[in-house]
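Remarks on the overall topology
Each chain is listed here by its residues.
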Amino acid sequence: MYRIYELPANSALSVDEAIGFFSGISRPDLAALVEKTTQTGEPFTLELDFVTAKGNHRRVRSIAHVEFEEGRATGVSGVMQDITEHWLLEEKLRRSADTDSLTGIANRSAFNRALAQAIERARSTQAPFALMLIDLDEFKGINDTHGHIVGDDMLRAVGARLRDPMLAGSLAARLGGDEFALIVTDPALHADLPGVAGRLLEQLRQPVATAAGVLPISATIGYARFEDCPETARGFIHCADKALYEAKRERRGSARGYRTFGPVSYTHLTL
């Protein structure tokens, strides 16, 4: 225990002081867990972040069991394990499973989960958010002319641009091929989606250094606000996809937003 805490052996440490090394649990929280355990006889397990006395970050697991004498709960005992190495490995594997290996952003599976979570949050809290679908223009021609190595250079550049700080934590994902998506949850960005789309188009329009030299690139964007669409993932994606289709049909390299106020209408932005 002292080794996990990085304290000298036999250091005096009160319960409150011991709990203070953990993140995400308080003395009342722990007391409630112990009370429930003594009443039900069921053990509990906690996995929490932990900062040692020397300031090192760890992940620890605490397992507690009830001790009984003649059918009566007389105490709670348990063990604490430093699981940092195992936890870091699991986190690495989890990130790898959720990441597109070429671009370094989320893959379709991670996007689907993030979208479902955002929809659930919006239903319960009315938190506004939006979806942007992004297709690269004439990407097949790049692959056909210069080969897939150059195409991969282009895709990596797009992934990097979708992680730009201006997007304020929006989740960027590669859905497949040259199709990308952004889940926009920041309220300020949500309030100015045409401006966000315009700035993003400008970013994506910057030439890319590739194995075949510096090449031009552009993209088309369709976006939708969740509050304007059916409250399902499928319906929401359909709204953004319809806006993207209309943008492509009118002019590639532009952005359209989907709205439903009576008849279907669209906002249009062209740079």
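Sequence order as written defines the numbering, with residues in each chain counted from 1. Two thresholds apply to this predicted model, a pLDDT of at least 70 for residue-level local features and 80 or more for giving and counting side-chain atom pairs, whereas whole-chain, interface and lining totals are computed over all residues. Where side-chain values are given, they derive from all heavy atoms of the structure, hydrogens and water being excluded.

Quick word on the packing of aromatic side chains
For the record, the criterion: To pair, rings of Phe, Tyr and Trp, with the six-membered ring standing in for Trp, must have centres within 6.5 Å; the planes then decide the type, stacked if under 30 degrees apart, edge-to-face if over 60, and tilted in the middle. Every helix listed is a DSSP run of H or I at least four residues long, and every strand listed is a run of E at least two residues long, numbered separately from the N terminus. Note on classification: 1.4 Å probe, protein chains only; a residue is buried when its accessible area is under 20% of the maximum for its type, exposed when over 50%, partly exposed between these limits.
For the coordinates displayed, the defined rule picks out 7 aromatic pairs. Here the aromatic rings of Phe21 and Phe50 are separated by 5.9 Å at their centres, their planes lie at 20°, and the arrangement is stacked. In this pair, Phe21 sits in the loop between α2 (15-19) and α3 (27-40) while Phe50 sits in strand β1 (residues 44-51), placing the two residues 29 residues apart along the sequence. Judged by relative accessible area, Phe21 falls into the buried class, the value being 16%. Taking the relative accessible area as the measure of exposure, Phe50 reaches 0% and is therefore buried. Within the aromatic cluster, the residues linked to one another by ring pairs are Tyr5, Phe21, Phe22 and Phe50.

Considering the environment of Asp16
By the element assignment, Asp16 lies in helix α2. Once the C-alpha coordinates of Asp16 and Ser26 are considered, the two residues, 10 residues apart in sequence, prove to be 8.4 Å apart.

Some words on the side chain of Glu6
The cut-off we apply is this: Should any heavy atoms of two residues lie within 4.5 Å, those residues are counted as being in contact.
Counting through the fold element by element, Glu6 comes out in the loop between α1 (2-5) and α2. If we skip the residues at most four places from it in the chain, Glu6 touches Thr52, Ala53, Lys54, Asn56 and Arg58.

Some thoughts on the layout of surface pockets
Our working definition: Grid points spaced at 1 Å over the protein atoms alone were grouped into cavities, where a 1.4 Å probe fits but cannot get out, and pockets, open sets with protein on both sides within 12 Å along at least five of seven lines, with lining residues defined by an atom within 4 Å of a point. Grid points are joined across faces, edges and corners, and a volume is the space filled by probe spheres set on the points. Charged means Asp, Glu, Lys or Arg here, nonpolar means Ala, Val, Leu, Ile, Met, Phe, Trp, Tyr, Cys or Pro, and polar covers whatever is left, Gly included.
In this structure, the largest pocket encloses a volume near 550 Å³. Considering the residues around the largest pocket, the lining is formed by 20 residues, among which Met1, Phe22, Leu30, Ser62 and Met80 are closest to the centre. For the lining of the largest pocket, the elements supplying multiple residues, two or more each, are α2, α3, β1, β2 (57-69) and β3 (72-82). For the lining of the largest pocket, the element with the highest residue contribution is β3, accounting for 5 residues. Looking at the lining of the largest pocket residue by residue, the class counts come to 17 nonpolar, 3 polar and no charged. Each pocket or cavity is described by its volume, and for the second largest pocket that value is around 170 Å³. With 5 residues, helix α10 (residues 233-250) is the single largest residue contributor to the lining of the second largest pocket.

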